[in-house]
Amino acid sequence: MYVQIKDLCFGYKNAKNLTIHHFNLDIEKGEIISILGESGSGKSTVLRLLCGLETPSKGIIKIGSETMTDERTFVLPEKRGIGMVFQDYALFPHMTVYENVQFGLKHWKRKERKNRVHEVLELVNMSSYAKRYPHELSGGQQQRIALARSLAPEPSLLLLDEPFSNLDADLQIKIRSELKEIIKQTGTTSIFVTHDREDSRAIADRIITMRDGAAHDWDSLCTTTRAEDEVRQPELVRLK
Amino acid sequence: MSRLNLLRKLPGYMNIWSILSLAIVILILIPNMTILFNFFTQKAENWNHIQEYILPDLLKNTGLLIVFTGILTIIIGTSLAWIVSAYEFPMKKFFKWGLILPLAIPPYIAGYTYNGILNYTGVIQTTLRNNWDIKVDQVYFNILNLPGAVFIFTLFLFPYVYTITRAFLANQSASLIENARLLGRSPVDIFFRVVLPISRGAIVGGVSLVLLEVLNDYGVVQYFGVPTFSTAIFQTWFGMNDLNSAIKLSATLMFIVFAILTLEKVLRGRKKYASTTAKARPLHPTRLIGWKAWGAFGYCLFIFLLGFLIPFVQLIDWMLLTFEKIASPEFTTLIWNSLLVSFVGALLIVLFAVIIANFSRMHQSALSKSAAKVTILGYSIPGAVIAVGISTVFIGIDSGLSRFYESTGLESRLFLSTSLVILISAYIIRFLAIGYNSIESGFDKIGNKYTEASRMLGMNMTRTFFKVDLKMIKAPLISGFLLAFIEIIKELPLTLILRPFNFGTLSTNAFKYASDEQIHEAALASIIIVVISAIAVFVFHQVLEKESN
Ligand SMILES: Nc1ncnc2c1ncn2[C@@H]1O[C@H](COP(=O)(O)OP(=O)(O)O)[C@@H](O)[C@H]1O
Ligand SMILES: [Mg+2]
């Protein structure tokens, strides 16, 4: 298995109960996984744990042959080589599109860096916008830049947090097929999080559901299911 | 498990940010702790005498100043805030910020200016005498007493209550007040039954700032001859040469400050006064007509004249009178000195504030939260107290270094205690809160997402800080710097006590002339301070207005 997550547990400091409760997940190389669950079920938290922005209280995370987290180890987020597309993109407003994309390439040689920026901008079809500032772009364009930025350093794992939630419905349908194509083209192992089952179906090779059925029912908070299980128990997935 | 957890997290904590933050916090804590520690351990030769004969007077004066200034600033501050937010009347746009301008005149400058206007040789009595041959009883024109000090504090500190309350009313209260209007309540009724209760938190916040300023003051009470803790600290320390008694007085004053801060917490209630909800709707002002409009106009104008225009014009008049005599190379040195300490002080303040704000933002832990609390502690500690604390510490350091001084052949045994280092450290302790609040609100606004995005792209915290965070808090950095700069330029008690021998600034120069009964000669330095502060008040009002729109 390329990505291994074992028995992950985590609770926010000011919360009484664990937000993530014995979360298990294995991912193969190149796979696109979708985590589906209603708002507040802990999807974003799982991503934050994976990329090291939060520290789990228990559990193991391995990517490739490298252990990111276990009882003894904690690799800092900047050392993990994981890419993340944030829900609201978090494009640096004081940098141009070009500078944003180039930001993660500080270890690259100058020439390669330049080529790489053009390559990924090409990939997301935004080459002609390199000199613009983020606020001069539409929502969909900003999203593509955010994707390009996180793909540029060739991450070992790509995380996307509700990438469509800031787009209107028409755009959403058009972009999600585009997104799948782009990610498949790069062959990047990806996890993307959503509350929309259609999104999951359109993009994912495999769907995991996360539930926060009742706030007290902590045992069943996190379950992982194969795609066929998800079909068998569709009533568990409440749509917004 | 938990020890492992800590070990595992250590690389994240043990970085330059936490170490520097800790160092700064210690720098701030030590002088204050020294005072509290010495209060309980040291004996002071005059303390019994002071306790018996002086302390009751100090407590009485301080109590009276606080109570009356508090009540009067509440009345003036809230009524003006209400009139300006709820009604339209002639020149309201101007008054909205014009009524903050009294803050640009430090109370000690206002104090001697008013005394100069009102005394026997002042403009009022001279005019009455020369034009109508009227001689007045001096009793009615003597403001050098406790009521006079209350008058000065009220007029020049009420803007704290006014600004905070106005901001609250403008943003938070629309639905409540409009409902009350629809229910047919009279305006007076609404003011007392709705406006006052709902803005309690804002009023309490504003008035506690006023009271802290009153406790901090040295210039007004000294000039007006009203003994308070500040003057008593000066007197025991320099007059009686009894530092330990000064420390005991300082500690007593600190307890009063803590009492006020506690009272503020209790009275303010659980809600923070400026919590802007997302859907806050601005209050729509009603247009006043006829005598009501002119009444509102007249009231605002009256306060504006007394609180800014009259003393300002008087100062300009005196300045023109004495300009040639005062403007000399020595005076230029004063200006440079003021600019130098203010610049260096403000620069270090923003630097330290950024370090602590960044640390406390990165680690939402109890440790970082208390670091933030300590950072803003200094602002509530009166200048004279900080001076006593920091002198004690520096004298200790100097005596520890005396061997070293000898070996380097330095003349002075009190090298650090008599240098600019001690003065600037004191400024940092007292005004760090100003820089910190500005920068923290800047960080609050941008949140953590850009920092996280940068770390996900492989930049560590320090690189992220320089490439992303710092660039995004430029505006709060600049405003924090300017605010601190202005506070330092105006500052009096710390500067008077801690400045090196023969080192004068604009504020000490103005105070010295005024104390020597040379009020006209004090005008040039005063006017420079007032103009710089007034410009800042104007700029900040513009910035705030823009942001709230
Ligand atoms: N910083 C935080 N501090 C405390 N609780 C949080 C924090 N972030 C999220 N939570 C809580 O954790 C739970 C899971 O949140 P999240 O992972 O954001 O859910 P999702 O992304 O699925 O909507 C929610 O109940 C949320 O309120
Ligand atoms: Mg989420």
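Student: Go over the overall build of chain A with me, naming the residues and quoting the values.
Tutor: Within chain A, the regular secondary structure consists of seven helices and nine strands. Across the 240 residues of chain A, 51% fall into the buried class. As displayed, chain A has an accessible area near 11,200 Å², and 46% of this comes from carbon and sulfur atoms.

Student: Can you break down the interface of chain A and chain B residue by residue, with the values?
Tutor: Note: interface size is frequently given as the accessible area lost on complex formation between the parts. Each partner contributes to the interface: chain A provides 32 residues, whereas chain B provides 24 residues. Counting the surface lost from both chain A and chain B, the interface buries some 2,600 Å², and carbon and sulfur atoms represent 65% of this. A per-residue breakdown of the area chain A buries against chain B is headed by A:E78, A:F103 and A:K106, which together make up 24% of the total. Here chain A and chain B share three salt bridges between them. Between B:K449 and A:D88 there is a salt bridge, and its shortest N-O distance comes to 3.1 Å. Scanning the region where chain A abuts chain B turns up five residue pairs in polar contact (both at pLDDT 80 or more).

Student: Describe the packing of helix α3 (residues 47-86) of chain B against helix α11 (residues 187-198) of chain B, listing the residues and the values that go with them.
Tutor: Residue and element names in this part refer to chain B. At their nearest, the axes of α3 and α11 sit 12 Å apart, and the two run at 105° to each other. As summarised for this structure, α3 and α11 are arranged roughly perpendicular, according to the angle between their axes. In this structure, α3 uses T78, S79 and W82 to contact α11, whose residues at the interface are I190, F191, V195 and L196. Residue composition of the contact of α3 with α11, by class: five nonpolar, two polar and no charged.

Student: Just give me the short version of the domain arrangement of chain B, but keep the residues and values in it.
Tutor: All names here are of chain B. Each assigned domain of chain B is listed with its residue range as follows: domain 1 (66-321) and domain 2 (329-549). Each of domain 1 and domain 2 was reduced to a C-alpha centroid, and the two centroids are 25 Å apart. Residue-level contacts link 45 residues of domain 1 with 39 residues of domain 2. Interface area for domain 1 against domain 2, summed over the two sides, is near 3,600 Å², with a carbon-plus-sulfur share of 78%. Our count for the contact surface shared by domain 1 and domain 2 stands at six residue pairs in polar contact (both at pLDDT 80 or more).

Student: Please set out the pairing of strand β9 (residues 206-210) of chain A residue by residue, giving values where relevant.
Tutor: Residues and elements named next belong to chain A. Among the five residues of β9, five are classified as buried, and the element is accordingly described as predominantly covered. Relative to β9, strand β3 (residues 32-37) is paired through five bridges, and the arrangement is parallel. Residue pairing in the sheet places I35 in a bridge with I208 of β9.

Student: Give me the lowdown on the nonpolar core, citing residues and values where you can.
Tutor: Judged by nonpolar contacts, the single largest core of 217 residues is most densely connected at B:W82 and B:F89. Ranked by the residues each element gives to this core, the list is headed by helix α21 (residues 420-446) of chain B, at 15 residues. Counting contributing residues, this core receives three or more from each of domain 1 (66-321) and domain 2 (329-549) of chain B. Beyond its immediate stretch of four places on either side in the chain, B:W82 contacts B:Y87, B:L169, B:I177, B:I190, B:F191, B:V195 and B:L283. One finds A:V120, A:L121, A:L147 and A:F192 within the second-largest nonpolar core, a separate group that totals 30 residues.

Student: Describe in detail the pattern of salt bridges, supporting the description with residues and values.
Tutor: Opposite charge on two side chains allows them to pair when their charged atoms are near. Counting across every chain of the model gives 17 salt bridges over all chains. A:K43 is the partner of A:E162 in a salt bridge, and the nearest nitrogen-oxygen pair spans 3.7 Å. Placement of A:E162 in the loop between β7 (157-161) and α5 (169-186) and of A:K43 in helix α1 (residues 43-51) is noted, with a sequence separation of 119 residues between them. As far as the burial class goes, A:E162 and A:K43 line up, both buried. The closest approach of N and O atoms between B:K325 and B:E521, which form a salt bridge, is 2.5 Å. On the criterion of sequence distance, the pair formed by B:K325 in helix α16 (residues 290-326) and B:E521 in the loop between α26 (506-515) and α27 (523-548) is long-range, its members being 196 residues apart. Take B:K325: its relative accessible area is 56%, and that puts it in the exposed class. Where salt bridges share partners, they join A:R48, A:E54 and B:E452 into one cluster.

Student: Explain the side chain of B:N509 to me, and be specific about the residues and the numbers.
Tutor: Residue and element names in this part refer to chain B. Within the secondary structure, N509 is located in helix α26. The buried category is assigned to N509, whose relative accessible area is 10%. Sequence-distant contacts of N509, defined by excluding residues within four places in its chain, comprise F331, L334 and A525.

Student: I'd like a description of the environment of A:R48, backed by residues and values.
Tutor: Secondary-structure assignment places A:R48 in helix α1. Look at A:R48 and you get buried, because its relative accessible area is 18%. When the C-alpha positions of A:R48 and A:L159 are compared, they lie 9.3 Å apart, and in sequence the two are 111 residues distant. Residue contacts for A:R48: discarding those within four places in its chain leaves A:Y12, A:L53, A:E54 and B:E452.

Student: Talk me through the packing of aromatic side chains; I want residue IDs and the actual numbers.
Tutor: Aromatic ring pairs are reported here in terms of the distance separating the ring centres and the angle at which the planes meet. Taken as a whole, this structure holds 31 aromatic pairs over all chains when the rule is applied. On the numbers, 5.0 Å between centres and 80° between planes, the contact of A:F10 with A:Y12 is edge-to-face. Aromatic side chains B:W97 and B:F538 sit 4.7 Å apart centroid to centroid with 65° between the ring planes, which places their arrangement in the edge-to-face category. In this pair, B:W97 sits in helix α4 (residues 92-98) while B:F538 sits in helix α27, placing the two residues 441 residues apart along the sequence. Look at B:F538 and you get partly exposed, because its relative accessible area is 35%. Taken together, the aromatic side chains of B:F94, B:F95, B:W97, B:W294, B:F297, B:F304, B:F308, B:F312 and B:F538 make up a single cluster linked through ring pairs. Its guanidinium or amino end placed over the ring of B:Y513, B:K512 lies 5.2 Å from that ring's centre, counting from NZ or CZ.

Student: A description of the site of ligand 1 should follow, citing residues and the corresponding values.
Tutor: Residue and element names in this part refer to chain A. The environment of ligand 1 is formed by Y12, N14, T19, E38, S39, G40, S41, G42, K43, S44 and T45. K43 places a main-chain nitrogen or oxygen 2.9 Å from an oxygen atom of ligand 1. S44 has a polar side-chain atom sitting 2.6 Å from an oxygen atom of ligand 1. Relative to its unbound accessible surface of 560 Å², ligand 1 loses 59% to contact with the protein. Along the lines of polarity and charge, the residues of the shell around ligand 1 split into one nonpolar, eight polar and two charged.

What counts, and at which threshold
Residues numbered from 1 in each chain as written. Chains lettered and ligands numbered in written order. Predicted model: local features only at pLDDT ≥ 70, side-chain atom pairs only at ≥ 80, totals over all residues. Heavy atoms only, no water. Helix = DSSP H or I, 4+ residues; strand = E, 2+ residues; numbered from the N terminus. Buried < 20%, exposed > 50% of the residue type's maximum accessible area, 1.4 Å probe, protein only. Areas by Shrake-Rupley, 256 points an atom, 1.4 Å probe, with all protein chains shown as cover. Contact = heavy atoms within 4.5 Å. Buried area = accessible area lost by both parts, 1.4 Å probe. Salt bridge = Lys/Arg side-chain N within 4 Å of Asp/Glu carboxyl O. Polar contact = N/O pair within 3.5 Å; in protein donor to acceptor, adjacent residues only side chain to side chain. Axes fitted to C-alpha atoms, helices over the stretch in contact; angles between N-to-C directions. Parallel < 35°, antiparallel > 145°, perpendicular 65-115°, else oblique. Nonpolar A, V, L, I, M, F, W, Y, C, P; charged D, E, K, R; others polar. Domains from an automatic or database assignment. Pairing = 2+ DSSP bridges. Core = buried A, V, L, I, M, F, W, Y, C linked by side-chain atoms within 4.5 Å. Phe/Tyr/Trp six-rings, centres within 6.5 Å; stacked < 30°, edge-to-face > 60°. Lys NZ or Arg CZ within 6 Å of the ring centre and 35° of its normal. Near = heavy atom within 4 Å.

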